[in-house]
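A closer look at the structure
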Amino acid sequence: MSWGTELWDQFDNLEKHTQWGIDVLEKYIKFVKERTEIEINYAKQLRNLSKKYQPKKNSKEEDEYKYSSCRAFLATLNEMNDYAGQHEVISENMTSQITTELARYVQELKQERKTHFHDGRKAQQHIETCWKQLESSKRRFERDCKEADRAQQYFEKMDADINVTKADVEKARQQAQLRHQMAEDSKAEYSSTLQKFNQEQHEHYHSHIPNIFQKIQDMEERRIVRIGESMKTFAEVDRQVIPIIGKCLDEITTAAESIDQKNDSQLVVEAFKSGFEPPGEVDFEDFTQPIKRTVSESSLSNSREGKSESRFSTKSKGKLWPFIKKNKLSLKLGGGPEDFSNLPPEQRRKKLQQKVDELNKDIQKELDQRDALTKMKDVYIKNPQMGDAASVDLKLGELAQNLERLRLEVQKFEGWLAEVEGRLPARTDTTRRQSGMYEPQNTLTVNNCAQDRESSPDGSYTEEPSQESEMKAPAPEFDDEFDDEEQLPTIGTCKALYTFEGQNEGTISVTEGETLYVIEVDKGDGWTRIRKNEDEEGYVPTSYVEVFLEKNAKGAKTYI
């Protein structure tokens, strides 16, 4: 099958078909180019997504990644980053192996097609020129034949006319002979031109055109083969990254399988365990007896100095956490006591252990620096020209003082740590340090009664001794100060955004949409103190209310 023999008369259709083939190739190039753009944009979006959910440095999010589920999520983000890289590889390989190569091939194909069809047009023009020459020779031969026939008829007419002179007859005869000679010459020329045309026509349709069309056919078949190879490359580029993508997915699966729910639960216990014992039973208070009642564990004030029962009940509603004001003041001034006695035992132990570890690291740094200075001093002693050994003594003295100070700090914190862990006896009432924050009481009670503890909004806690111990020890001095405190003034209003059930001591329940009075703004602990009625006060989460403070409220600041 050859276009030269089968399609010898379809020059125009072949020209259109080959142009269509080039258009198809350019369309495929455009398709691959758009695919590479999709791949690179997809990779970019995946990288941005992975970066968006990466934990920020020096933030609380870093602490979350101690949990196995969060670590698995972090591994997933990292694998998605590698996954995006493979899509970038797909884009790069398609661009270099398909788009760039085919674009160059299209230019070569267009130039080759132009050359072949130029040769075809040139051959077509040549055969048309030969045909015109043949037609011209034919018409000239026909015209000369007619002229010779008319000259012969005119001679015969003159020769038969007796009135015509002999000279005229001779002239007509010569004219007829001349015309006959011209007709013969035209005949010979026509015959020669016809023979030449037939030869040119045979070569045109059996040699020139078939050769040109065969080249065009080869060119078109190469184009078809090339587009097929490009499609194979298109699939191969994807296939090459499948193992790596599969490995990324396997890593994600491995990370998911590494999630340990039991370990995560244990981490929650370690993070939030307070170390407290559950509270003991509440003693029954018999108000029918005329005896002087002891302090109730369920109330946060006492009935000394002859206060009436109604006033006592009112105070118990309005006054919450007797030590919270002192706690907040201590947090503002010094950020809490040095021995972390404001924290629950377990949390305190962790803070103390962390502090000991930090001090030990500082000591190691100082020791390393001391060793380096000692070596430098030895070098200066052996080689005085390199430096003065006496200049190092001052720095060594400073390091010795720092080391001594750090060791004392370590001993101090290790003592507190040992106390918390039970290696040393607990401090008694006589040796208890009175800090700005109320310190929890660790006294041993008769009959091993459990101590009641309450958690306050600012994260600190208070401990109330049992009735047996309270009968022996007087109440702290600032209890009177708190009980005698006048009712706090209103500094603004607030609107409850959500319903809050105040089930813990010191909190108050509010309903969504309820309007309340603000008597103390959030001090940074996440709680706002409000008044619901004349004698109902308590704390609610700051995020549950929208606060509107009065302009003249001193130190007013809204936390929403």
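Every chain is numbered on its own, with residues counted from 1 as its sequence reads. A pLDDT threshold of at least 70 governs which residues receive local features in this predicted model, and a stricter bar of 80 or more applies before side-chain atom pairs are shown or counted, although totals over entire chains, interfaces and linings include all residues. Only hydrogens and water are set aside when side-chain values are computed; all heavy atoms of the structure are taken into account.

1. With respect to the overall build of the chain
For helices the rule is a DSSP run of H or I covering at least 4 residues; for strands it is a run of E covering at least 2, with both sets numbered from the N terminus onward. Of the regular secondary structure elements, the chain holds 12 helices and seven strands. In this scheme, a residue with accessible area under 20% of its type's maximum is buried, one over 50% is exposed, and one in between is partly exposed, where area comes from a 1.4 Å probe on protein chains only. Expressed as a percentage of the 560 residues in the chain, the buried residues total 35%. Contacts between residues were defined by any pair of non-hydrogen atoms, one from each residue, lying within 4.5 Å. When contacts within the chain are restricted to residue pairs at least 6 apart in sequence, long-range pairs at least 24 apart make up 70% of them. A total of about 35200 Å² of accessible surface is found on the chain, and carbon and sulfur atoms cover 52% of it. Computed with the Shrake-Rupley method and a 1.4 Å probe, the accessible areas treat only the protein chains shown as cover for residues.

2. Topic: the pattern of salt bridges
Any carboxyl oxygen of Asp or Glu that lies within 4 Å of a side-chain nitrogen of Lys or Arg is treated as forming a salt bridge with it. The full count for this structure, using the stated rule, is 18 salt bridges. The closest approach of N and O atoms between Arg-173 and Glu-170, which form a salt bridge, is 2.0 Å. Placement of both Arg-173 and Glu-170 in helix H5 (residues 166-257) is noted, with a separation of three residues, approximately one turn of the helix. Given the relative accessible area of 27%, Arg-173 is considered partly exposed. Residue classification places Glu-170 among the partly exposed positions, given a relative accessible area of 33%. With its nearest N and O atoms 2.5 Å apart, the salt bridge here joins Arg-223 to Glu-220. On the criterion of helical spacing, the pair formed by Arg-223 and Glu-220 is a turn pair, its members being three residues apart in helix H5. Comparing Arg-223 with Glu-220, the two get one shared label, buried.

3. Overview of the nonpolar core
To form a nonpolar core, buried Ala, Val, Leu, Ile, Met, Phe, Trp, Tyr and Cys residues must be joined to one another through side-chain atoms within 4.5 Å. Formed by 31 residues in total, the largest nonpolar core has its most connected members in Leu-25, Tyr-28, Met-94, Ile-98, Phe-213 and Ile-216. Counting residues per element, the ones that place at least two in this core are helix H2 (11-52), helix H4 (68-160) and H5. In this structure, Phe-500, Val-510, Val-521 and Ile-530 belong to the second largest nonpolar core, which totals 13 residues.

4. Some points on the packing of H2 against H5
In this analysis an axis means a line fitted to C-alpha atoms, helices contributing only their contacting stretch, and an angle means the value between N-to-C directions, from 0 to 180 degrees. Running from N to C, H2 and H5 point in directions that differ by 15°, and their axes come no closer than 11 Å. Put simply, H2 runs roughly parallel to H5. Relative to H5, H2 is oriented so that their crossing is left-handed. Put simply, Ala, Val, Leu, Ile, Met, Phe, Trp, Tyr, Cys and Pro go in the nonpolar bin, Asp, Glu, Lys and Arg in the charged bin, and everything else, Gly too, in the polar bin. The residue makeup of the contact of H2 with H5, split by class, is 15 nonpolar, four polar and four charged. Here the angle decides the label: under 35 degrees means roughly parallel, over 145 means roughly antiparallel, 65 to 115 means roughly perpendicular, and every other value means oblique. Put simply, a crossing is left-handed when the front helix is turned counterclockwise from the back one by less than a right angle, and right-handed when it is turned clockwise.

5. Describing the confidence of the model for the chain
Looking at the chain as a whole, the pLDDT averages 78, with 78% of positions reaching at least 70. Looking across the chain, the model is least confident in helix H11 (residues 467-472), with a mean pLDDT of 36, and most confident in H2, with 94. The pLDDT value tells you how sure the predictor is about a given residue, anywhere from 0 up to 100. Confidence over residues 423-485 falls short of pLDDT 50; this stretch has 141 contacts with residues more than four positions distant or in other chains. Confidence over residues 554-560 falls short of pLDDT 50; this stretch has 13 contacts with residues more than four positions distant or in other chains.

6. Description of the packing of aromatic side chains
Working definition: a ring pair exists when centres of Phe, Tyr or Trp rings (six-membered ring for Trp) sit within 6.5 Å. Plane angles under 30 degrees give stacked, over 60 give edge-to-face, the rest tilted. Under the criterion given, the structure shown has 12 aromatic pairs. Taking 6.4 Å as the distance between ring centres and 70° as the angle between the ring planes, the aromatic pair formed by Phe-500 and Trp-527 counts as edge-to-face. You can see Phe-500 sitting in the loop between strand E3 (492-496) and strand E4 (515-520) and its partner Trp-527 sitting in strand E5 (residues 527-531), a full 27 residues away along the chain. Taken together, the ring pairs connect Tyr-498, Phe-500, Trp-527 and Tyr-544 into an aromatic cluster. The cationic tip of Arg-226 hangs over the ring face of Tyr-105; the distance from NZ or CZ to the ring centre is 4.7 Å. A ring is considered to have a charge above it if a Lys NZ or an Arg CZ atom is located within 6 Å of its centre and within 35 degrees of its normal.

7. As for the pairing of E3
Going residue by residue along E3, you find Gly-492, Cys-494 and Ala-496 tucked away on one face and Thr-493 and Lys-495 left uncovered on the opposite face. Bridge analysis of E3 against E4 gives four bridges, and the strand direction is antiparallel. By the bridge assignment, Gly-492 is partnered in E4 with Val-518. Strand pairing is assigned whenever DSSP detects at least two bridges linking the two strands. Sheet analysis places E3 next to strand E7 (residues 545-549), joined by five bridges and oriented antiparallel. Bridge pairing links Lys-495 to Glu-546 in E7.

8. Examining helix H9 (residues 345-382)
Look at H9: 55 Å from first C-alpha to last across 38 residues, which is about the 56 Å you get at 1.5 Å a residue. Against helix H6 (261-272) and helix H10 (390-421) lie the buried residues of H9. What a helix should span is 1.5 Å times the count of its residues minus one.

9. Considerations on the side chain of Ser-2
Tracing the chain through its elements places Ser-2 in the segment before helix H1 (3-6). Judged by its relative accessible area of 17%, Ser-2 is buried. Among the polar contacts made by the side chain of Ser-2, one reaches the side chain of Gln-214 at a distance of 2.9 Å. Non-local contacts of Ser-2, meaning those with residues more than four positions away in its chain, are made with Leu-7, Gln-214 and Gln-217. Identification of polar contacts relies on pairs of N or O atoms within 3.5 Å, with a donor-acceptor requirement for protein atoms, meaning one able to donate a hydrogen and the other able to accept it, and with residues adjacent in sequence counted only if both atoms are side-chain atoms.

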